Amino acid sequence: MKSIIIVKLDDVIDCSTVDVLFLIIDLNLQESKMHDSSQLKKEFIKKWVQGLQICCSSKRQMSILERKRNIKLSADIALASAKNATTSWSKALISEAKKDREKNILVDNLLGHESKFMGAHQKVTSHNRIRSKKILRRSCGIGKRIKKMGYRRSDSPTCIAKRLVKKRTQVLKRLVPGGESMDEFSIITEALDYILSLRVQVDVMKNIVNATNLLN
Amino acid sequence: MSSRRSRQSSSSASRITDDQIIQLISKLQQLLPGTRIQRSNKASASKVLQETCNYVRSLHREVDDLSDRLSQLLSTIDADSPEASIIRSLIM
């Protein structure tokens, strides 16, 4: 792949940025093994490049740390927005970024007109969902506790396995954006999609880093 | 809807969703790096979840590391080379 980049970029020194953009998209797509992810890759690359132009093109000197923060934020927001609000994790990622005071303005710039619609909606629903789940847990927990005290089978292998699964699920909930308010079924489906999307993000970033490295 | 589900007996509710969860776990297993021999799903569900958590964490670390490298590369680009102007006009 490296040699292809060198040859092709030599040819395109006179071309516009759009041509180079499509070139990089093309190189990325040739490598993708799964067809489902190629659409996501296209969207992600487009949005990430736009995002980088917005947040990294300031005339003033940025510290390396600040630039890294902008690169990572624009990559995450681009990935989430490329999902087009079809998954919970992507909506949660964007709304969490908007809650952060430092990132808020940048996120609005990156998302443009979509941002107002996405952020406000998510805040209300997740808050209500968490509140109602807490009330539910409190009312059901007492009944369950009384039942359990009658017959404890905590040593059976099924119970141990179930407890382990519960523990691991809790950890996974913290890793996937918005996972805290998901039930067991949703967290696994969301994690599936989240992993596929993270892979796309890593693939694209790797290619861009390699290309930039070669040109240095 | 969730309140209705909780009032059903816990065993019947878990019987309905268990198969779906088993299917999901096997899908997760296929995503994870390192091929694994198909074991009985119930026993390794927690293992698959643990590997999933590790994998997500490693992907997060990779994104962080790549952002680091990219920011260092972009800050050290020689201002005058024509290649640099491509990169700069593309992503900066």
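Whatever comes next refers back to the structure up there.
Bear in mind the structure is a predicted one, so any value in this text is a computation, not a measurement.

Draft legend 1. Helix H9 (residues 184-215) of chain A, seen in detail. Counted at 1.5 Å a residue, the expected span for H9 of chain A with its 32 residues is 46 Å, and the 47 Å between its end C-alpha atoms agrees. Among the residues of H9 of chain A, the N-terminal cap falls to Asp183 of chain A, whose side-chain oxygen and the backbone nitrogen of Phe185 of chain A are separated by 3.1 Å.

Draft legend 2. Structural detail: the nonpolar core. Ranked by size, the top nonpolar core spans 64 residues in total, and within it Phe44, Trp48, Ile71 and Ile77 of chain A carry the most contacts. Those elements that place two or more of their residues in this core are helix H3 (35-56), helix H4 (64-82), helix H5 (88-99), helix H6 (101-111), helix H8 (157-175) and H9 of chain A together with helix H2 (10-31) and helix H3 (41-75) of chain B. Looking at which element gives the most residues to this core, the answer is H9 of chain A, with 14 residues. Residue contacts for Trp48 of chain A: discarding those within four places in its chain leaves Ile71, Ser74, Ala75, Ala78, Val204, Met205 and Ile208 of chain A together with Leu70 of chain B.

Draft legend 3. Quick peek at unusual backbone geometry. Residue and element names in this part refer to chain A. Here Asn84, not a glycine, exhibits a phi torsion of approximately 60 degrees, which is positive. Here Asn84 is to be found in the loop between H4 and H5. Asn84 sits in the exposed class, given a relative accessible area of 56%. The phi dihedral of Ala85 is positive, around 60 degrees, even though this residue is not glycine. Mapped onto the fold, Ala85 is located in the loop between H4 and H5.

Draft legend 4. Geometry of the interface of chain B and chain A. With 44 residues of chain B in contact, the opposing surface of chain A contributes 48 residues. Both faces considered, chain B and chain A share a buried interface measuring about 4800 Å² in area, 77% of it formed by carbon and sulfur atoms. Viewed at the interface, chain A and chain B are joined by three salt bridges. With its nearest N and O atoms 3.0 Å apart, the salt bridge here joins Lys68 of chain A to Asp64 of chain B. Across the contact surface, chain B and chain A share five residue pairs in polar contact (both at pLDDT 80 or more). Of all elements in the fold, only helix H1 (2-7), H2, H3 and helix H4 (82-91) of chain B reach the threshold of two or more residues within the side of chain B that touches chain A. The leading source of residues in the side of chain B that touches chain A is H3 of chain B, at 25 residues. Considered class by class, the residues forming the side of chain B that touches chain A number 22 nonpolar, 14 polar and eight charged.

Draft legend 5. Inspection of H4 of chain A at higher detail. Between the first and last C-alpha of H4 of chain A there are 27 Å, a value that for 19 residues agrees with the 27 Å anticipated at 1.5 Å per step. The buried fraction of H4 of chain A amounts to 14 of the 19 residues, a majority that puts the element mostly inside the structure.

Draft legend 6. Examining the packing of H4 of chain A against H9 of chain A more closely. Residues and elements named next belong to chain A. The geometry of H4 relative to H9 is characterised by a closest axis approach of 10 Å and an angle of 135 degrees between their N-to-C directions. Judged by the angle between their axes, H4 and H9 are oblique. Remark: the crossing between H4 and H9 carries right-handed chirality. Between H4 and H9, the contacting residues are Ile71, Ala75, Asp76 and Leu79 on the first element and Ser197, Leu198, Gln201 and Met205 on the second.

Rules of the game
- Residues numbered from 1 in each chain as written.
- Chains lettered and ligands numbered in written order.
- Predicted model: local features only at pLDDT ≥ 70, side-chain atom pairs only at ≥ 80, totals over all residues.
- Heavy atoms only, no water.
- Helix = DSSP H or I, 4+ residues; strand = E, 2+ residues; numbered from the N terminus.
- Expected span 1.5 Å × (residues − 1).
- Polar contact = N/O pair within 3.5 Å; in protein donor to acceptor, adjacent residues only side chain to side chain.
- Core = buried A, V, L, I, M, F, W, Y, C linked by side-chain atoms within 4.5 Å.
- Buried < 20%, exposed > 50% of the residue type's maximum accessible area, 1.4 Å probe, protein only.
- Contact = heavy atoms within 4.5 Å.
- Buried area = accessible area lost by both parts, 1.4 Å probe.
- Salt bridge = Lys/Arg side-chain N within 4 Å of Asp/Glu carboxyl O.
- Nonpolar A, V, L, I, M, F, W, Y, C, P; charged D, E, K, R; others polar.
- Axes fitted to C-alpha atoms, helices over the stretch in contact; angles between N-to-C directions.
- Parallel < 35°, antiparallel > 145°, perpendicular 65-115°, else oblique.
- Left-handed = near helix turned anticlockwise from the far one by under 90°.

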